[in-house]
Amino acid sequence: MVSALETSLGWLLSSAARLVQRRFSSKLASYGITPPQWGVLVSLWEEDGLSLSKLAERSFFDGPTMTGIVDRLEHAGLVERRRDSRDRRVINVYLTEKGRQLRAVLPPLAEETNREAVAGLSPVEVEQFLRVLRHIIRNLS
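Residues numbered from 1 in each chain as written. Predicted model: local features only at pLDDT ≥ 70, side-chain atom pairs only at ≥ 80, totals over all residues. Heavy atoms only, no water.

(A) Expanded view of the pattern of salt bridges. Tallied over the full model, the rule gives 13 salt bridges. Measuring nitrogen to oxygen at the nearest pair gives 3.4 Å for the salt bridge that ties R86 to D84. In this structure R86 comes out as exposed when scored by relative accessible area, which is 75%. D84 sits in the buried class, given a relative accessible area of 9%. The partner of R100 in a salt bridge is E97, with the nearest N and O atoms 3.3 Å apart. (Salt bridge = Lys/Arg side-chain N within 4 Å of Asp/Glu carboxyl O. Buried < 20%, exposed > 50% of the residue type's maximum accessible area, 1.4 Å probe, protein only.)

(B) Representation of the nonpolar core within the structure. Counting 24 residues, the largest nonpolar core has I33, L41 and L106 as its most contacted members. Among the elements of the structure, α1 (9-28), α2 (35-46), α3 (52-59), α4 (63-75), β3 (91-95) and α6 (106-117) are those that each provide at least two residues to this core. For this core, the leading source of residues is α2, giving five residues. Every residue in contact with L41, bar those within four places of it in the chain, is listed here: I33, L73, L78, V79, L95, L102 and L106. (Core = buried A, V, L, I, M, F, W, Y, C linked by side-chain atoms within 4.5 Å. Helix = DSSP H or I, 4+ residues; strand = E, 2+ residues; numbered from the N terminus. Contact = heavy atoms within 4.5 Å.)

(C) Representation of α6 within the structure. With twelve residues, α6 should cover 16 Å at 1.5 Å per step; its first-to-last C-alpha distance of 17 Å lies within 8% of that length. Those residues of α6 that sit buried are L106, P107, L109, A110 and T113. For α6, the angular spread of the buried residues around the axis is 155°, confining them to a single face. If you follow the buried residues of α6, they end up packed against α1 and α2. (Expected span 1.5 Å × (residues − 1). Arc of directions from axis to C-beta.)

(D) A nonpolar patch on the surface, seen in detail. Taken together, the side chains of L5, W11 and L12 present a nonpolar region at the surface, about 280 Å² in accessible area. Topologically, L5 is positioned in the segment before α1. Take L5: its relative accessible area is 42%, and that puts it in the partly exposed class. (Patch = residues over 30% accessible without salt bridge, like charges linked within 9 Å, V, L, I, M, F, W, Y side chains within 5 Å. Areas by Shrake-Rupley, 256 points an atom, 1.4 Å probe, with all protein chains shown as cover.)

In structure tokens form, the structure reads like this:
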């Protein structure tokens, strides 16, 4: 008999996310980075100088949560805040040199975690799975 939890999309996604995050967290710990902080760094590696609101939007965090994440990254010397020159109400976040240097070190940890998570799946299955996850995110955003 199949458990109701084994057929619950929310439960399975949450369980998988917790396990992946736990594994990734352990890899990031020696760098003093958390998975949410990793997400902000990735966004800034792709487009430095994003506003706090853009970072929150891309990461699916609310404003106060994003502020806390950026506070910790700033305290660690990985990012700095600057007021937007065109609109002083907007605060943009920029990588420091120390934050840029992590780009050479941290992505392989994410790639390794991804490989561990999808071990035994074909590349086609992985792409289908990612497509389904993106679809679910779009549906619920």
